[in-house]
Amino acid sequence: MSNIIFLIQKVNKKLMWILLFVLFTLVSPPSSAQNSELDSLKLLLSQQTADTVRVNLLIEASGLLMRSQPDSATAYAQEAIDLGESLDFKKGVGYGFKNIGMVYYSKGDFDEAINYWTKSLKAFEEIGFKLGISNMQNNIGSVYQTKGDDPKALEYFINSLQNAETIGDTVRIATAQLNIGTVYSNSPTTYDLAQEAYKEALLDWQELDYKEGMFITYLNLGEIELAKGNPESALEYLEESLKYADKLNPLYVDNLRMIGQVYLEFDNYQLSEKYLRDAIYVALKNKAYKELGRTYLKLADNLYQQGNYQEAKANYEKSLDLASSTEVFYDLADAYEGLANVYAQNEDFSRAFEYQQLYAKTKDTIKNNDYARGVGLLRVQYDLQAKEKEINLLNADNKLKEFQIEKDARAKQLLIIILGLFIAIIAGFVFQYFYVKRSNKKLAFERNRSERILLNILPKETAEELKENGFIKAKEFKSITVLFTDFKEFSVVARHISADDLVKSVDYYFKAFDEITERNNLEKIKTIGDAYMCAGGLPTENSTHAEDAYNAAMEILEFVKDTEKNPPKGIHPFEIRIGLNSGPVVAGVVGTKKFQYDIWGSTVNIAARMESKSEPGRINVSENTYQILKEKRKFTYRGEFEVKNKQFLKMYFVGEEVEVKV
């Protein structure tokens, strides 16, 4: 019986998976069965003459050795190509190129994989072999998606689906649906569309009882649930996918890694690390380098959250090396971001800023304006072609009418033409005058609007530096105060009210926070979900930053309490925790397409710890902020509290001061 060897490949940061078909039918048999079948094939080859039957036997042997002996698989496939070309047997030549492409794909050499699969596609197209054409279009599309080129990938997937539908091949129709779903999975706004596509594919796999397809689809559904913030649902899908995993296949590596990631979301570091290290062991054993790179990345995230920065740095660097060699840009961006965080924790802000810039540049490479334009063009290309034909017909008709009019009344209209030209010249001057006037007015309007938008993104001084120099230098601030807020049980509330009411409520609070921040001479840094972050003492240094932040925190707390007592219609009342910390930071702008003013350093991390260790309706401040304000404001000493990385910090509530125990 012939067999389909298949692989899955991660295509973006969200870990969506594509299905690649390599040969013709079902799953490879176990190792002992493979050896028996290979021995039978070798016996047949020793007796077979140089004809098309021998070509098919060589391809069959190549497929059996694909995982265990890739070099031998390549040799058998090359022999099939040479013999097929001498016999003008295009189908055999196409399958030979196909198998060699898969060997390179398994090694992570995507350029060579595309090279051989393109040759295979050409051979199949020459004989109109729709089954092979659909296969190759799917495989080539998957490599482009791995590289981050979704528009190119989508083009191949759509063509693969059309060819599969032409021949009524359910397996390849489901494959195309699955892979098109991975494109939708790249944006949170289209997660629902991706889930619909996956579930349609899952129905086909279940009808066919095709375990490999079910495995990949469950894996993708699990990852989307994880991305949507539902780790419990994600774990259910991932455990379901584990039922169909082959422990000798790279698929098993992916499944272990994903479960490790779920336990990382649960803050179960030990169980997460166990799954991740098991995945690394299997990946190294099977030489699954693409899967290995991503697993190193997740292990590094685990170690970083445990405070083991040195070992986390080593694993981020391993992932970076593999992502660079395989050109998987999503993993490359994650590795850069991880290294930036490690260096920031070690207070090596120069290296942290360097890697943050590399991260922003790589993200811009993955999804720039051309990316969005490319996907949009694929969706409307047929409409554009139809409109273009219609325009061409109208233009031709107009030219014919103009010619007829000119032929019938050329002499009579000569004077009118001259007069018309004169009027056109005068009208042109008038039009040009008003056009220039309108253009200058519009340019001034757009310039002012652009400046307003820029000032909404960057502080005024920073925006002026960007306009003057074309770039912004990172700057160290010796002393600022960071303010963090967070709503109590926000995720619980989010599950019980509508999305419109949730967004309306958060917008209501954050608009008020923006006004309070500006009124107290603070700079808004960013919002992260329901968390709000601002800082005093930058971008212009001052000595009042701690008191400014204190006053803003008191106003925010008073506003939230008033809203809780008398909430406006449609606004959900929240309780809030607030944290303050003072100290040094590094500030700068990251990104080249979308600017973002941000700050880094342990001062920011400690401010976040103050917020998380606060209580609803209270303001929690650090030792640093307390020392600055203790002569001006009243505080209550709470004691030393353990935070992440086994660090103990003194904390104070704003309010009536009591005797401090040292």
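Thresholds applied
- Per chain, the residues get numbers from 1 upward, laid out in the order the sequence is written.
- In keeping with the predicted nature of the model, local features appear solely for residues at pLDDT of at least 70, side-chain atom pairs appear and are counted solely at 80 or more, and the whole-chain, interface and lining totals rest on all residues.
- For the side-chain quantities, the full set of heavy atoms in the structure was used; hydrogens and water were omitted.
- A run of H or I in DSSP counts as a helix once it spans at least four residues, and a run of E counts as a strand once it spans at least two, with each numbered from the N terminus.
- Note on exposure labels: buried denotes an accessible area under 20% of the residue type's maximum, exposed denotes more than 50%, and partly exposed covers the range between, all computed with a 1.4 Å probe on protein chains only.
- The contact criterion used is simple: two residues touch if any of their non-hydrogen atoms lie within 4.5 Å.
- In these tables, accessible area is a Shrake-Rupley quantity obtained with a 1.4 Å probe, and a residue counts as shielded only by the protein chains included in the view.
- Axis lines are fitted to C-alpha atoms, over the contacting stretch for helices. Their N-to-C directions set the angle, which ranges from 0 to 180 degrees.
- Under this scheme an angle from 65 to 115 degrees is roughly perpendicular, one under 35 degrees roughly parallel, and one over 145 degrees roughly antiparallel; angles in between are oblique.
- Left-handed describes a crossing in which the near helix is turned anticlockwise from the far one by less than a right angle; the clockwise case is right-handed.
- In the scheme used here, Gly and all other residues not listed as nonpolar or charged are polar, with Ala, Val, Leu, Ile, Met, Phe, Trp, Tyr, Cys and Pro taken as nonpolar and Asp, Glu, Lys and Arg as charged.
- Classification of ring pairs uses Phe, Tyr and Trp, with its six-membered ring standing for Trp, and accepts pairs whose centres are within 6.5 Å; under 30 degrees between planes counts as stacked, over 60 as edge-to-face, and the remaining range as tilted.
- Distance and angle both matter: a charge sits over a ring if NZ of Lys or CZ of Arg is within 6 Å of the ring centre and within 35 degrees of the ring normal.
- A pairing counts as a salt bridge when a side-chain nitrogen of Lys or Arg comes within 4 Å of a carboxyl oxygen of Asp or Glu.
- Pairing between two strands is assigned when DSSP locates at least 2 bridges connecting them.
- We call a set of buried Ala, Val, Leu, Ile, Met, Phe, Trp, Tyr and Cys residues a nonpolar core when their side-chain atoms join them within 4.5 Å.
- The way it works is a 1 Å grid over only the protein atoms, where trapped points that fit a 1.4 Å probe form a cavity and open points with protein on both sides within 12 Å along at least five of seven lines form a pocket, and then any residue with an atom within 4 Å of a point lines it.
- Grid points are joined across faces, edges and corners, and a volume is the space filled by probe spheres set on the points.
- Each residue gets a pLDDT score, which is the predictor's confidence in that residue and runs from 0 to 100.
- For a helix, the expected span equals 1.5 Å multiplied by the number of residues minus one.
- A patch is a set of surface residues, each over 30% in relative accessible area and not in a salt bridge, joined within 9 Å for like charges and within 5 Å for the nonpolar side chains Val, Leu, Ile, Met, Phe, Trp and Tyr.
- Counting of polar contacts relies on pairs of N or O atoms within 3.5 Å, with two restrictions inside protein: one atom must be capable of donating a hydrogen and the other of accepting it, and residues adjacent in sequence are counted only when both atoms are side-chain atoms.

> Pulling in residues and values, what's your account of the overall build of the protein?
Each helix and strand in the protein was counted, giving 24 helices and 10 strands. Within the protein, the fraction of its 662 residues that count as buried is 48%. Contacts in the protein between residues at least 24 apart in sequence constitute 63% of all its contacts with a sequence separation of at least 6. Within the structure as shown, the protein displays about 33400 Å² of accessible surface, and the carbon and sulfur contribution to it stands at 52%.

> Just give me the short version of the packing of helix H5 (residues 110-126) against helix H6 (residues 130-146), but keep the residues and values in it.
Axes are the key here: two packed helices are described by the angle between their axes and the distance separating the axes. Where H5 meets H6, the closest approach of the two axes is 9 Å, and the angle between their N-to-C directions is 160°. The angle between H5 and H6 falls in the class roughly antiparallel. Of the two elements, H5 crosses H6, and the hand of that crossing is left-handed. Facing Phe 110, Ile 114, Trp 117, Thr 118, Ser 120, Leu 121, Phe 124 and Glu 125 of H5, the residues of H6 in contact are Gly 132, Ile 133, Met 136, Gln 137, Asn 139, Ile 140, Val 143, Tyr 144 and Thr 146. Of the residues in the contact of H5 with H6, the class split is 10 nonpolar, 6 polar and 1 charged.

> Any chance you could break down the packing of aromatic side chains for me, citing the residues and the numbers?
This structure, assessed with the given rule, holds 36 aromatic pairs. Aromatic pair Phe 510 and Phe 513: ring centres 5.9 Å apart, planes at 45°, arrangement tilted. Separated by 3 residues within a single helix, Phe 510 and Phe 513 lie in helix H21 (residues 499-519), roughly one turn from each other. Across the pair, exposure class does not vary: Phe 510 and Phe 513 are buried alike. Where Tyr 626 meets Tyr 652, the ring centres are 3.9 Å apart and the plane angle is 5°; that geometry is what we call stacked. Placement of the pair is Tyr 626 in helix H24 (residues 623-629) and Tyr 652 in strand S10 (residues 647-654), with a sequence separation of 26 residues. For the pair Tyr 626 and Tyr 652, a shared accessibility class is recorded, and that class is buried. Among the aromatic residues, those joined into a ring-pair cluster are Phe 487, Phe 490, Tyr 508, Tyr 509, Phe 510, Phe 513, Tyr 532, Phe 559 and Phe 574. Here the basic side chain of Lys 107 rests over the ring of Tyr 104, its NZ or CZ set 5.9 Å away from the ring centre. The ring of Tyr 275 is capped by Lys 274, whose NZ or CZ atom sits 5.4 Å from the centre of that ring.

> Any chance you could break down the pattern of salt bridges for me, citing the residues and the numbers?
Applying the stated criterion across every chain, the model contains 27 salt bridges. Glu 240 serves as the salt-bridge partner of Lys 243, at 3.0 Å between the closest nitrogen and oxygen. Salt bridges sharing partners connect three or more residues here, namely Asp 88, Lys 90 and Glu 126.

> So what about the pairing of strand S8 (residues 619-622)? Which residues, and what values?
Here S8 shows two buried faces, one formed by Ile 619 and Val 621 and the other by Asn 620 and Ser 622. The sheet contact formed by strand S6 (residues 576-590) and S8 spans 3 bridges and is parallel. Paired with Ile 578 across the strands is Ile 619, a residue of S8. In this structure, S8 lies alongside S10, joined through 3 bridges in antiparallel fashion. In the sheet register, Val 621 faces S10, and the bridge partner there is Tyr 652.

> Tell me about the packing of H6 against helix H7 (residues 150-167), residues and numbers included.
Two elements in contact, H6 and H7, have axes separated by 8 Å at closest approach and are oriented at 160°. In terms of axis orientation, H6 runs roughly antiparallel to H7. Crossing of H6 against H7: the hand is left-handed. Residue-level inspection shows Lys 130, Leu 131, Ile 133, Ser 134, Gln 137, Asn 138, Ile 140, Gly 141, Ser 142, Tyr 144 and Gln 145 of H6 in contact with H7, the latter providing Asp 150, Lys 152, Ala 153, Tyr 156, Phe 157, Asn 159, Ser 160, Asn 163, Ala 164 and Ile 167. Taken together, the residues of the contact of H6 with H7 sort by class into 9 nonpolar, 9 polar and 3 charged.

> How would you explain the nonpolar core if you had to name every residue and give the values?
One broad rule of soluble globular proteins: the nonpolar side chains tend to lie buried together. Formed by 60 residues in total, the largest nonpolar core has its most connected members in Trp 205 and Tyr 316. The dominant element in this core, judged by the number of residues it contributes, is helix H16 (residues 329-345), at 9 residues.

> Break down empty space enclosed by the protein for me, with residues and values.
Enumeration according to the criterion identifies 2 cavities of 30 Å³ or more in this entry. Considering only enclosed or pocket space, the second largest cavity measures out at about 30 Å³ in volume. Lining the second largest cavity, in full, are Phe 349, Ala 352, Phe 353, Val 586 and Trp 600. When residues in the lining of the second largest cavity are grouped by element, the largest group, 3 residues, is from helix H17 (residues 349-366). In terms of residue class, the lining of the second largest cavity is built from 5 nonpolar, no polar and no charged.

> Explain the confidence of the model for the protein to me, and be specific about the residues and the numbers.
Chain-level pLDDT for the protein is 82 on average; 81% of the residues reach the 70-or-more range. Across residues 22-30, where pLDDT falls below 50, the model places 40 contacts with residues more than four positions away in sequence or in other chains. Contacts from residues 658-662, a stretch scored under 50 in pLDDT, to residues over four places away or in other chains number 7 contacts.

> Report on helix H10 (residues 211-227), specifying residues and quantitative values.
The end-to-end C-alpha separation of H10 is 24 Å, in line with the 24 Å expected for 17 residues at 1.5 Å each. H10 sits mainly inside the fold: 15 of its 17 residues count as buried. Gly 229 occupies a position one or two residues after H10 and carries a positive phi of about 85°.

> So what's going on with a nonpolar patch on the surface? Residues and values would help.
Where nonpolar side chains cluster on the molecular surface, the patch consists of Leu 419, Phe 422, Ile 423, Ile 426, Val 430, Tyr 433 and Phe 434 and spans about 720 Å² of accessible area. What makes Tyr 433 exposed here is its relative accessible area of 52%.

> Any chance you could break down the environment of Ala 607 for me, citing the residues and the numbers?
Of note, Ala 607 is situated in helix H23 (residues 602-612). In this structure Ala 607 comes out as buried when scored by relative accessible area, which is 0%. Not counting chain neighbours up to four residues away, the residues in contact with Ala 607 comprise Val 482, Phe 484, Gly 579 and Asn 581.

> Break down the side chain of Asp 169 for me, with residues and values.
The topology assignment puts Asp 169 in the loop between H7 and helix H8 (170-184). In this structure the side chain of Asp 169 is engaged in a polar contact, spanning 3.1 Å, whose partner is the backbone nitrogen of Val 171. Polar contacts involving the side chain of Asp 169 include one to the side chain of Arg 172, which spans 3.0 Å. Look past the residues within four positions of Asp 169 in its chain and what remains in contact with it is Leu 131 and Ala 164.

> Give a detailed account of unusual backbone geometry, specifying residues and quantitative values.
Residue Pro 539 follows Leu 538 across a cis peptide bond; omega there is 5°. Mapped onto the fold, Pro 539 is located in the loop between strand S5 (531-536) and helix H22 (545-565). The residue Asp 88 is not glycine, and still its phi comes out positive at about 55°. Turning to its location among the elements, Asp 88 is positioned in the loop between helix H3 (70-87) and helix H4 (90-107).

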